There are 2 protein chains.
Amino acid sequence: MRHKEQVDVPDQPPAGDRRIEILDAAARAFMRQGFAATSLDRVSDEIGSTKGAIYYYYRSKSDLFFGVHRRGMELTEAAIRPPFEKHAGARDRLHAMAFAHTLLVMDQLPYLRVIAQGLELHLLERTNESERANLAEVAALREANENLYIRAIKEGVSSGELRPVDAKLIAKPVLGALNWTSRWYQPRPGETAAARKRLATSIADFVVAGLVKS
Amino acid sequence: MRHKEQVDVPDQPPAGDRRIEILDAAARAFMRQGFAATSLDRVSDEIGSTKGAIYYYYRSKSDLFFGVHRRGMELTEAAIRPPFEKHAGARDRLHAMAFAHTLLVMDQLPYLRVIAQGLELHLLERTNESERANLAEVAALREANENLYIRAIKEGVSSGELRPVDAKLIAKPVLGALNWTSRWYQPRPGETAAARKRLATSIADFVVAGLVKS
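Residues numbered from 1 in each chain as written. Chains lettered and ligands numbered in written order. Predicted model: local features only at pLDDT ≥ 70, side-chain atom pairs only at ≥ 80, totals over all residues. Heavy atoms only, no water.

The name an unreviewed UniProt entry assigns to chain A is Transcriptional regulator, TetR family, from the organism Bradyrhizobium canariense.

Here's what the structure looks like:
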């Protein structure tokens, strides 16, 4: 079932596109049914394919689950790193990060809802060595994203722009305010991009107001 | 399997205590393994009992799962309603609610982590009529708790103490900041009550600072 080595064989569809199509379908399935109730048949049905197409990239359901988590973490990094790099002041930087993060939750709801649920729950009591390595990798990606917030908060405290908070601790409710969006947000029919941006702005305003000196 | 009518029969243990002991064990099991992987055998093992003891109160695993959610919501209400009733000013009231809420998450981690995960995920695609009624009941309890925050925010906006936010919307990241505690918090060996209170104070400070006028 391990065909990863064959990804570059000719006559295959473009590897990235097909893999992401599978991950997208898997994210939707895991979001709706959870890990235990999701079958690979269901995922492959959704993309009009067979289980073989999934096994081409992922050797098991838990491997696919890790793929969804990994992509969710990578999408998060791709959203928050540019504003982290770009903005100098703590207020603008954190606002831009929180805004991009919240928009991402709405745009990529299945991934963000699945990663907000966490994966330890589903695997904790029956992991094998490869799963433990995957768990550690996903945890490291999550931590790296969190560290961008911690660094942004720390620098704002140092510069005096933010209240003298414990950056590592306060990053937790900051991330809670943002990630909780995955728990309650439901796209409305006909919802405009402008409406999503207003929502993301309100949440970013709240987070920044919670940190700045009054 | 429906013995609820017999709860008051003599020679039974005090109904409330035994029922709560079962719920406590179930909350721990659901927290650690999720709904799908939890067995009633495991729950009854944990309290040194048999499945029969569970069936005395709950007729199925999903009934027990609803019981855990219901108790989680009731514990939340018991924590946040007294400060909601007691305090007049928006800042003090919201701080006291957020403080009590965060302490509750730490003190009753299994319940709060299970309810933060939500239950729709586990049951959505295969509910029967009684489960749909239970879902609606738990949703109503959740909404009632959220409404206490919405009312406290609205009143603070009206009085001018808080920024002119959309209370219904901002209650979401407020609850996210608080409930996310269930996602990351791990009690440390030897952790003192004072340390928990400091943590709850920091999170409540953040939430209130995010709402008040600067």
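Now that the structure is up, let's keep going.
In this section: the overall build of chain A. A count of helices and strands for chain A gives eleven helices and zero strands. Helices and strands appear in chain A in the N-to-C order α-α-α-α-α-α-α-α-α-α-α. For chain A, the accessible surface area stands at approximately 9800 Å², while carbon and sulfur atoms represent 51% of it. (Helix = DSSP H or I, 4+ residues; strand = E, 2+ residues; numbered from the N terminus. Areas by Shrake-Rupley, 256 points an atom, 1.4 Å probe, with all protein chains shown as cover.)

In this section: the relation of the copies chain B and chain A. Its rotation angle being 180°, the transformation that places chain B on chain A also includes 0.0 Å of axial translation and leaves an RMSD of 0.0 Å. Each copy turns onto its partner about a two-fold axis. Every residue of chain B has its C-alpha some distance from the rotation axis, and the shortest such distance is that of B:Gly210, at 1.8 Å. A symmetric contact is evident, with 100% of the interface residues of chain B recurring at the interface of chain A. (Least-squares fit on C-alpha atoms with pLDDT ≥ 70 in both. Contact = heavy atoms within 4.5 Å.)

Moving on to the interface of chain B and chain A. The interface is formed by 40 residues belonging to chain B together with 40 residues belonging to chain A. Between chain B and chain A we count zero salt bridges in total. For the pair chain B and chain A, the number of links is three residue pairs in polar contact (both at pLDDT 80 or more). Grouping the amino acids of the side of chain B that touches chain A by side-chain chemistry returns 21 nonpolar, nine polar and ten charged. (Salt bridge = Lys/Arg side-chain N within 4 Å of Asp/Glu carboxyl O. Polar contact = N/O pair within 3.5 Å; in protein donor to acceptor, adjacent residues only side chain to side chain. Nonpolar A, V, L, I, M, F, W, Y, C, P; charged D, E, K, R; others polar.)

The next point concerns the environment of A:Ser44. Residue and element names in this part refer to chain A. Structurally, serine 44 can be placed in helix α2 (residues 40–46). Distance from serine 44 to isoleucine 22, taken between C-alpha atoms, is 7.5 Å for residues 22 residues apart in sequence. Sequence-distant contacts of serine 44, that is, excluding residues within four places in its chain, are made with Ser49, Thr50, Lys51 and Ile54. Only 3.0 Å separates the side chain of serine 44 from the backbone oxygen of aspartate 41, close enough to count as a polar contact.

Time to look at the UniProt feature "DNA-binding region" (unreviewed entry) in chain A. UniProt's entry tags residues 39–58 of chain A with the feature "DNA-binding region" (unreviewed entry), counted in the numbering of this structure. For residues 39–58 of chain A, the helix share is 60%, the strand share is 0%, and the end-to-end C-alpha distance is 13 Å. (UniProt positions renumbered as here; feature names shortened; annotations may be inferred.)

This part covers the pattern of salt bridges. Pairing of side chains with opposite charge becomes possible as their charged atoms draw close. Summed over all chains, the structure comprises 22 salt bridges over all chains. One salt bridge in this structure joins A:Arg81 and A:Glu77, with 2.6 Å as the shortest N-O distance. Placement of the pair is A:Arg81 and A:Glu77 together in helix α4 (residues 61–86), with a separation of four residues, close to one helical turn. Under the relative-accessibility criterion, A:Glu77 is labelled partly exposed at 30%. Measuring nitrogen to oxygen at the nearest pair gives 2.9 Å for the salt bridge that ties B:Arg32 to B:Glu46. Of the two residues, B:Arg32 sits in helix α1 (residues 15–37) while B:Glu46 sits in helix α2 (residues 40–46), which places them 14 residues apart along the sequence. Each member of the salt-bridge network shares a partner with another, and the members are A:Arg28, A:Arg32 and A:Glu46. (Buried < 20%, exposed > 50% of the residue type's maximum accessible area, 1.4 Å probe, protein only.)

This next bit is on the side chain of B:Asn179. Topologically, B:Asn179 is positioned in helix α9 (residues 167–179). On the basis of relative accessibility, which here comes to 14%, the residue B:Asn179 falls in the buried class. Here B:Asn179 is in contact with A:Trp180, B:His101 and B:Ala116, once residues within four sequence places are set aside.

On to the packing of aromatic side chains. The relation between two aromatic rings is expressed through the spacing of the ring centres and the mutual angle of the planes. Scanning the entire structure with this criterion turns up eleven aromatic pairs over all chains. Plain terms: the ring middles of A:Phe30 and A:Phe35 are 6.0 Å apart, the flat faces sit at 25° to each other, and that makes the pair stacked. Each of the two residues, A:Phe30 as well as A:Phe35, counts as buried. Note on A:Phe30 and A:Phe65: the rings are 4.8 Å apart at their centroids and 70° apart in plane angle, and the pair reads as edge-to-face. Placement of the pair is A:Phe30 in helix α1 (residues 15–37) and A:Phe65 in helix α4, with a sequence separation of 35 residues. Overall, the relative accessible area of 3% leaves A:Phe30 in the buried class. Residue A:Phe65 is classed as buried on the basis of its relative accessible area of 2%. One aromatic cluster is present, built from ring pairs that chain together A:Phe30, A:Phe35 and A:Phe65. Geometry around A:Phe84 places A:Arg93 over its ring, the cationic atom sitting 4.3 Å from the centre. Directly above the ring of B:Phe35 sits B:Lys61, whose terminal nitrogen or CZ lies 4.6 Å from the centroid. (Phe/Tyr/Trp six-rings, centres within 6.5 Å; stacked < 30°, edge-to-face > 60°. Lys NZ or Arg CZ within 6 Å of the ring centre and 35° of its normal.)

Counting along an α-helix, one turn takes 3.6 residues, and residues three or four places apart therefore face a common direction. Residues and elements named next belong to chain A. With 31 residues, helix α8 (residues 129–159) ought to run about 45 Å at 1.5 Å a step, and its terminal C-alpha atoms sit 44 Å apart, in line with that. All buried positions along α8 are accounted for by Glu131, Asn134, Leu135, Val138, Asn145, Glu146, Leu148, Tyr149, Ile150, Ala152, Ile153 and Gly156. Where α8 begins, one side-chain oxygen reaches toward the backbone nitrogen of serine 130, 3.1 Å away; that side chain belongs to asparagine 128. A positive backbone phi angle near 85° is found at glycine 160, which sits one or two residues after α8. (Expected span 1.5 Å × (residues − 1).)

The next thing to look at is the confidence of the model for chain A. All names here are of chain A. The predicted model of chain A averages 89 in pLDDT, with 89% of residues at 70 or higher. Least confident of the elements in chain A is helix α7 (residues 120–123), whose mean pLDDT is 62; most confident is helix α9 (residues 167–179), at 98. Considering only residues more than four positions removed or in separate chains, one finds that residues 1–10, a stretch of pLDDT under 50, has twelve contacts. (pLDDT = per-residue confidence, 0-100.)

Moving on, we get to the nonpolar core. Counting 140 residues, the largest nonpolar core has A:Leu64, A:Leu211, B:Leu64 and B:Leu211 as its most contacted members. Contacts of B:Leu64, omitting those with residues within four sequence positions, involve B:Ile22, B:Leu23, B:Ala26, B:Phe30, B:Leu40, B:Val43, B:Ile54 and B:Tyr58. (Core = buried A, V, L, I, M, F, W, Y, C linked by side-chain atoms within 4.5 Å.)

Turning our attention to the environment of B:Val114. All names here are of chain B. Along the polypeptide, valine 114 turns up in helix α6 (residues 109–117). A C-alpha to C-alpha distance of 9.3 Å links valine 114 and phenylalanine 35, two positions 79 residues apart in sequence. Valine 114 has contacts with Ala27, Phe30, Met31, Phe65, Val68 and His69, leaving out every residue within four places of it along the chain.

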